[in-house]
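Chain and residue survey
Here's the letter readout for the chains.
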Amino acid sequence: MARLETDAAAHDAEIVALLKRNDAQARGMGFAGTPVYLIGPLLVAAAPSYEEFRDAVAKARERQQGR
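Everything quoted here is computed from the prediction, not taken from an experiment.

Rules used throughout
Residues numbered from 1 in each chain as written. Predicted model: local features only at pLDDT ≥ 70, side-chain atom pairs only at ≥ 80, totals over all residues. Heavy atoms only, no water. Helix = DSSP H or I, 4+ residues; strand = E, 2+ residues; numbered from the N terminus. Rg over C-alpha atoms; globule rule 2.2 N^0.38 Å. Buried < 20%, exposed > 50% of the residue type's maximum accessible area, 1.4 Å probe, protein only. Areas by Shrake-Rupley, 256 points an atom, 1.4 Å probe, with all protein chains shown as cover. Lys, Arg positive; Asp, Glu negative; His and termini not counted. Charge placed at Lys NZ, Arg CZ, Asp CG, Glu CD. Phe/Tyr/Trp six-rings, centres within 6.5 Å; stacked < 30°, edge-to-face > 60°. Salt bridge = Lys/Arg side-chain N within 4 Å of Asp/Glu carboxyl O. pLDDT = per-residue confidence, 0-100.

So, about the overall build of the chain. In terms of regular secondary structure, the chain is built from three helices and two strands. Starting at the N terminus and ending at the C terminus, the chain contains elements arranged as α-α-β-β-α. For 67 residues, the compact-globule formula gives about 11 Å, and the C-alpha radius of gyration of the chain, at 17 Å, lies well above that figure. In the chain, buried positions account for 9% of the 67 residues. Counting every atom, the chain has about 5,800 Å² of accessible surface; 55% of that belongs to carbon and sulfur. In the chain, 9 positive and 9 negative side-chain charges are present, and the distance between their average locations comes to 9 Å.

Now the structure itself:
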């Protein structure tokens, strides 16, 4: 725990900058929360099961091939 606290303090500015950048990107794309997955053209704003994730990937691949 001490090492974690030391590293966090040493890299605080970098961590905060990265979190702010990620937040700005998420807001810019209209994401309201987490988790959000971009699977090809599909946006999955939930925690899908393995089967749901697999189906979303299959749908994304079908759309990509149907271009």
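Here the narrative resumes, following the displayed structure.
On to the packing of aromatic side chains. For the coordinates displayed, the defined rule picks out one aromatic pair. With a centroid separation of 5.3 Å and an interplanar angle of 90 degrees, the aromatic rings of tyrosine 37 and phenylalanine 53 are classed as edge-to-face. In this pair, tyrosine 37 sits in strand 1 (residues 37–39) while phenylalanine 53 sits in helix 3 (residues 50–65), placing the two residues 16 residues apart along the sequence. On the basis of relative accessibility, which here comes to 31%, the residue phenylalanine 53 falls in the partly exposed class.

Turning to the pattern of salt bridges, a few remarks are in order. Pairing is possible between side chains of opposite charge, provided their charged atoms come close. Under the defined criterion, the tally for this structure stands at three salt bridges. Between aspartate 23 and arginine 27 there is a salt bridge, with its nearest N and O atoms 2.9 Å apart. Of this pair, aspartate 23 and arginine 27 both sit in helix 2 (residues 12–28), four residues apart, which is roughly one turn of that helix. What makes arginine 27 exposed here is its relative accessible area of 62%.

Moving on, we get to the confidence of the model for the chain. For the chain, per-residue confidence averages 91 on the pLDDT scale, and 99% of positions sit at 70 or higher. The spread of mean pLDDT over the elements of the chain runs between strand 2 (residues 42–44), the lowest at 87, and helix 1 (residues 2–10), the highest at 95.

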